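Here are the chains, one letter per residue:
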Amino acid sequence: MTSETFSKWKSLVSQIWYEKEKICLLCSRKSIETICPECQEIYFQPQMRRCISCGKLIANQGTQCKDCLSGIGPKGLMKVVTLGYYENAWRELICNVKFKSQPYLLLGISDCLTELAMKNLPPPDAVVPVPIHPHKLAERGFNQAEIIASILSNHLGIPIKNYILRTKNTLPQTSLGRKERIENLHGAFEIKEKVMKDEIIWLADDVTTTGATLEECAQILKTNGVKEVYGVCLGAGKEE
Amino acid sequence: MLFYTLINKSGQIRFSPIPLVDMLWEDSTIIGGKLPLEVLHRSLNAIRLTKPSNNTTTSMQEFQSDLIRQLKTVLQKNGDVRTENIVLDKPLFNMETREKYKGIFYNDDLYSAFLSGVNGRQLAEGELPYLMKHLQCDEDTIKILMHKAVLIDQYEWLPAIRRSKGNWSCQRCGNMDCQEWISVYGYAATCQECRSIGPLNSLQVIFRSPKSGHRSLFNRVEANIFHKFNFEFSHAQQKAALELLALCEKDEVQRILVWAVCGAGKTEISFPLIYKYLSEGKSVLFAAPRQDVVHDVQPRLQRNFPQIKVRIFSGAVTPEWEDSLLTVATTHQLLRFYKTFSLILFDEMDAYPYPGNKVLEFGLNQALQEGGRLIYLTATPPDSLLREVKRGESEIIRLSLRHHGFPVPIPEWAKANFPDKSASLQEILKKKDSITWRKILEELAEEGPLLVFVPRIGMVPIWTETLRGVFHEKQVEGSWSSDPYRLEKVKSFLNGNCQVFVSTSILERGITVNRVQVAVLFADDEQYDTRALIQMAGRTGRTQAHPWGRTVFLAAKQTKAIKKALAWIQEQNTIGERESFS
Ligand SMILES: [Zn+2]
Ligand SMILES: [Zn+2]
Ligand SMILES: [Zn+2]
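A short tour of the structure in this document, coming up. Owing to the predicted nature of the structure, the values given are computational and were not obtained by experimental measurement. (Residues numbered from 1 in each chain as written. Chains lettered and ligands numbered in written order. Predicted model: local features only at pLDDT ≥ 70, side-chain atom pairs only at ≥ 80, totals over all residues. Heavy atoms only, no water.)

**A closer look at the overall build of chain B**
For clarity, the threshold we go by: Numbering of helices and strands starts at the N terminus; helices are DSSP runs of H or I of at least 4 residues and strands are runs of E of at least 2. Each residue gets one of three labels from its accessible area relative to the maximum for its type: buried under 20%, exposed over 50%, partly exposed in between, using a 1.4 Å probe on protein chains only. Should any heavy atoms of two residues lie within 4.5 Å, those residues are considered in contact. The protein chains shown are the only cover counted for residues, whose accessible areas, like all others here, come from Shrake-Rupley with a 1.4 Å probe. Counted charges follow a simple rule, with Lys and Arg positive, Asp and Glu negative, and His plus the chain ends left uncounted. The atom standing in for a charge is NZ when the residue is Lys, CZ when it is Arg, CG when it is Asp and CD when it is Glu.
Of regular secondary structure, chain B possesses 19 helices and 23 strands. Reported as C-alpha extents along the three principal axes, the dimensions of chain B are approximately 95 × 60 × 45 Å. By the burial criterion, 57% of the 582 residues in chain B qualify as buried. A sequence separation of at least 24 residues applies to 73% of the contacts in chain B between residues at least 6 apart. Surface exposure of chain B reaches about 26000 Å², of which carbon and sulfur atoms provide 50%. Of the charged side chains in chain B, 72 are positive and 66 negative, and the gap between their average positions amounts to 3 Å.

Take a look at the structure:
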């Protein structure tokens, strides 16, 4: 084969074997990964630290945000990891999952999510999704936190345990201030089944802002015998 | 909604969202905990069971443990469900719940209110909170009522989306291309095609009945049914209405095309037939692709059938729960019904978004009872339907005279050279060619309100401006389908405050303006097919007071579509003339 025919053949081959082109979930541009490097940079902001107690993106060099340093943040979690800053396209994606019935969008981020949890957290005995109220479940048809838990479970072989039950249909947390959020959640959760003693648990939810929901769940798990609770979320707030 | 698995004394397996009801109903045992119905159905299909050899306790127990063992294996093998994830929280069956459930189960008034709400409906799980609100009951109660209907009234639960051989198909809309994701119960899928009437996924169920049991609300048909209505039938309408009634006497006639000219009053000719169906206690649906048609027809039907409530389903109103024999709905909403209607009158089947939309077509056919009748009402039938008529699969009735007895004014074609479609205002008016079309538009505007059609939304603002330059004395407005001020502007044209109206095809159907004149600019544009041209021409001469009016197709050349439109109207008028003397 001459070099000319070879290069022709090569270009022909590359035309025949067109791989399925992926499109970035956030900016719709062509990309090898489901979220392109530019969008990862913009929305995941890997250079920013996360507050160890509530998962918020922080600019300072410490391990905690100002709220947590001053003692008003959650105290029940060993560590909270969050994928990205809950704004713009990232926020839109999470909202499309929840409100436009597009849970399948989460499949695209399963690798980023698994990697995040695996790299930053100790192996757990189980992953527990933050439950939603049955009314919301009926309306939406699924619990987004369960899908996040399912992705982790599926990729890492960790069992899912539905330890917690939501008994109160609370107002959306995002509509409230910090103090109201805590009151809003008071008594919203109950333990559903017998918790195994001394387990390490990953608690999965879609978004955390003040960490109040994670805190409420973590406290319930811990009073029922869980040893350590870690949080895994897709989106978090940012400290300005 | 999640389901338990139960088994009864004779080895029958049943899935139930509220197993205590099954246990009240017959001697049965819960053998499995909560799973989505889709997973249960698929697992049960994948196993092989040997029926118990006899009714002895040992043989039944063997059967039961074999079943459980096999189901467990299948679930684990499929990797669908990790068994450790599944909690068998066996529901408590204490005296108190037993009495409470019994009370609900045997409450006949509540049950008939429930049946009336779900009659003929295809319910998705997401609609249950609304039904609960309507019946003022809690979740347990609604589950008891629904499951009672499954046990005694031939209703069924089915997985909303089913998987077979790796493909997911939506049971509500027939879509075979659902999006997959991972749930706690293994792979799951969501349907995006029918989302406009509420989200749906494979963890959920649909509830419906293949038989619908409408009660008769009417007495027998009276001798002269034409005197029942609050309008006068024209001679031609009466003739067509009788023809329609006669065709419907024949059981073998299941599809009929009513081909009426624009402004013939085609809706009304179906009224005697509707009356006949209602008097026999049969359910009737009036469907149309567009929302405004539906909202226009509902009050007209209500005025003429005051004995019953004409219920309406459209994206603009929340679904009603009161049962009725007469329903008006947009085609999107038909997915809420299952084998419900004996008669469907389908208006303007050639209007967007129906043509070529598989989901809407599926919904229409699914809403029709087996052996039900489908009647198409249109001024511009698509070729596919005309071919059906030719093959003898569908009957045809032609209504070629307008309600006032005059024919549709034949449109004219005028040679006009327009500048480029993207031309600016200055360019349009500067051009020498503008003299021809300006003269024609001015002539038309002398005669009455002028409706000017342009082929693209983007051309509306430019041409509105242009015509403001031409008609200094007149109020000129322009609008298109997604214009937020559309309704107001249309109103001002209808009440005469605006005299020249530039539009895309939104006003092409259904409106009646006294003395209106029509100009179609760029009539040779590929946007305009024969049917669109006929519809636009059909705006003129609709009123009794002014049965005349001019339509001018302005274009550089006569296209096939223009020629065909002229021929169609000509032909209709010839038939009409013959009819008026018969
Ligand atoms: Zn991107
Ligand atoms: Zn913090
Ligand atoms: Zn569907």
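Structure's up, so let's keep going.
**Things to note about empty space enclosed by the protein**
All names here are of chain B. This is how it is decided: Points on a 1 Å grid, built from protein atoms alone, make a cavity when a 1.4 Å probe fits but cannot get out and make a pocket when they are open with protein on both sides within 12 Å along at least 5 of 7 lines; residues with an atom within 4 Å of a point are the lining residues. Grid points are joined across faces, edges and corners, and a volume is the space filled by probe spheres set on the points.
Under the definition given, this model contains two cavities of 30 Å³ or more. In this structure, the largest cavity encloses a volume near 100 Å³. Of all elements in the fold, only strand 11 (255-260), helix 18 (530-537) and helix 19 (560-581) reach the threshold of two or more residues within the lining of the largest cavity. Of the residues forming the lining of the largest cavity, the biggest block, three residues, is contributed by helix 19.

**Remarks on the layout of surface pockets**
Where we set the bar: Only Asp, Glu, Lys and Arg are considered charged in this grouping, and only Ala, Val, Leu, Ile, Met, Phe, Trp, Tyr, Cys and Pro are considered nonpolar; every other residue, Gly among them, is considered polar.
Its volume calculated, the largest pocket comes out at about 1500 Å³. As for the largest pocket, its lining consists of 47 residues, of which Pro134(A), Leu137(A), Leu2(B), Lys34(B) and Lys143(B) are closest to the centre. Among the elements of the structure, helix 6 (134-140), helix 7 (144-156) and strand 5 (164-166) of chain A together with strand 1 (2-8), helix 1 (19-25), helix 6 (128-135), helix 7 (139-152) and strand 8 (179-183) of chain B are those that each provide at least two residues to the lining of the largest pocket. The element contributing the most residues to the lining of the largest pocket is helix 6 of chain A, with four residues. Tallied by class, the residues present in the lining of the largest pocket amount to 28 nonpolar, nine polar and ten charged. If you trace the second largest pocket, you find 47 residues lining it, with Asp350(B), Ala351(B), Tyr352(B), Pro353(B) and Pro355(B) closest to the centre. Secondary structure elements with two or more residues in the lining of the second largest pocket: helix 11 (291-304), helix 12 (358-367), strand 16 (368-378), helix 13 (383-390) and helix 18 of chain B. Split into classes, the residues belonging to the lining of the second largest pocket amount to 20 nonpolar, 15 polar and twelve charged.

**Here we look at the sheet that holds strand 3 (residues 28-36) of chain B**
All names here are of chain B. Applied cut-off: Here, any two strands with at least 2 DSSP bridges between them count as paired. The angle between two axes is taken between their N-to-C directions and runs from 0 to 180 degrees, where each axis is a line fitted to C-alpha atoms and a helix contributes only its stretch in contact.
Spatially, three strands are ordered 2-1-3 in an open sheet, and the strand pairing comes out antiparallel. Of all strands in the sheet, those bounded by a partner on one side alone are strand 2 (13-16) and strand 3. Across the sheet, the mean angle separating the axes of adjacent strands is 25° when strand polarity is ignored. Sheet topology places strand 1 next to strand 3; six bridges connect them, and they run antiparallel. The partner of Thr5 across the bridge, within strand 3, is Gly32. Sitting on the sheet, helix 2 (residues 37-45) touches strand 1, strand 2 and strand 3, and the angle it makes with strand 3 is about 115°.

**Here we look at the coordination of the zinc ion (ligand 2)**
All names here are of chain A. To be explicit about the condition: Counted as donors are the N, O and S atoms within 2.8 Å of the metal, or 3.2 Å for Na, K and Ca, while water is not among the atoms, so some sites may look incomplete. Square planar and octahedral assignments, for four and six donors respectively, both demand that opposite donors be over 155 degrees apart and that all other angles lie between 65 and 115; tetrahedral needs four donors with all angles between 85 and 135 degrees, and anything else is irregular.
Coordination of the zinc ion (ligand 2) by the protein involves Cys51 (SG), Cys54 (SG), Cys65 (SG) and Cys68 (SG), with metal-donor separations of 2.2 to 2.3 Å. Taken together, the four donor atoms coordinating the zinc ion (ligand 2) span angles of 102 to 116° at the metal, a pattern that classifies the geometry as tetrahedral. You can call Cys51 buried: its relative accessible area is 0%.

**Describing the pattern of salt bridges**
Residues and elements named next belong to chain B. The following threshold applies: A side-chain nitrogen of Lys or Arg and a carboxyl oxygen of Asp or Glu constitute a salt bridge if their distance falls within 4 Å.
What the rule picks out here adds up to 38 salt bridges over all chains. Where Arg550 meets Glu443, a salt bridge forms, and the shortest distance between an N and an O atom there is 3.2 Å. Residue Arg550 is found in the loop between helix 18 and strand 23 (551-555), and its partner Glu443 is found in helix 15 (residues 434-447); the two are separated by 107 residues along the sequence. Measuring nitrogen to oxygen at the nearest pair gives 2.9 Å for the salt bridge that ties Arg468 to Glu465. Of the two residues, Arg468 and Glu465 are both situated in helix 16 (residues 459-470); the distance of three residues between them amounts to about one turn of the helix. Classification of Glu465 by relative accessible area gives partly exposed; the value is 38%. Ionic contacts of the salt-bridge type, sharing partners, join the residues Glu249, Lys276, Glu280 and Lys282 into one network.

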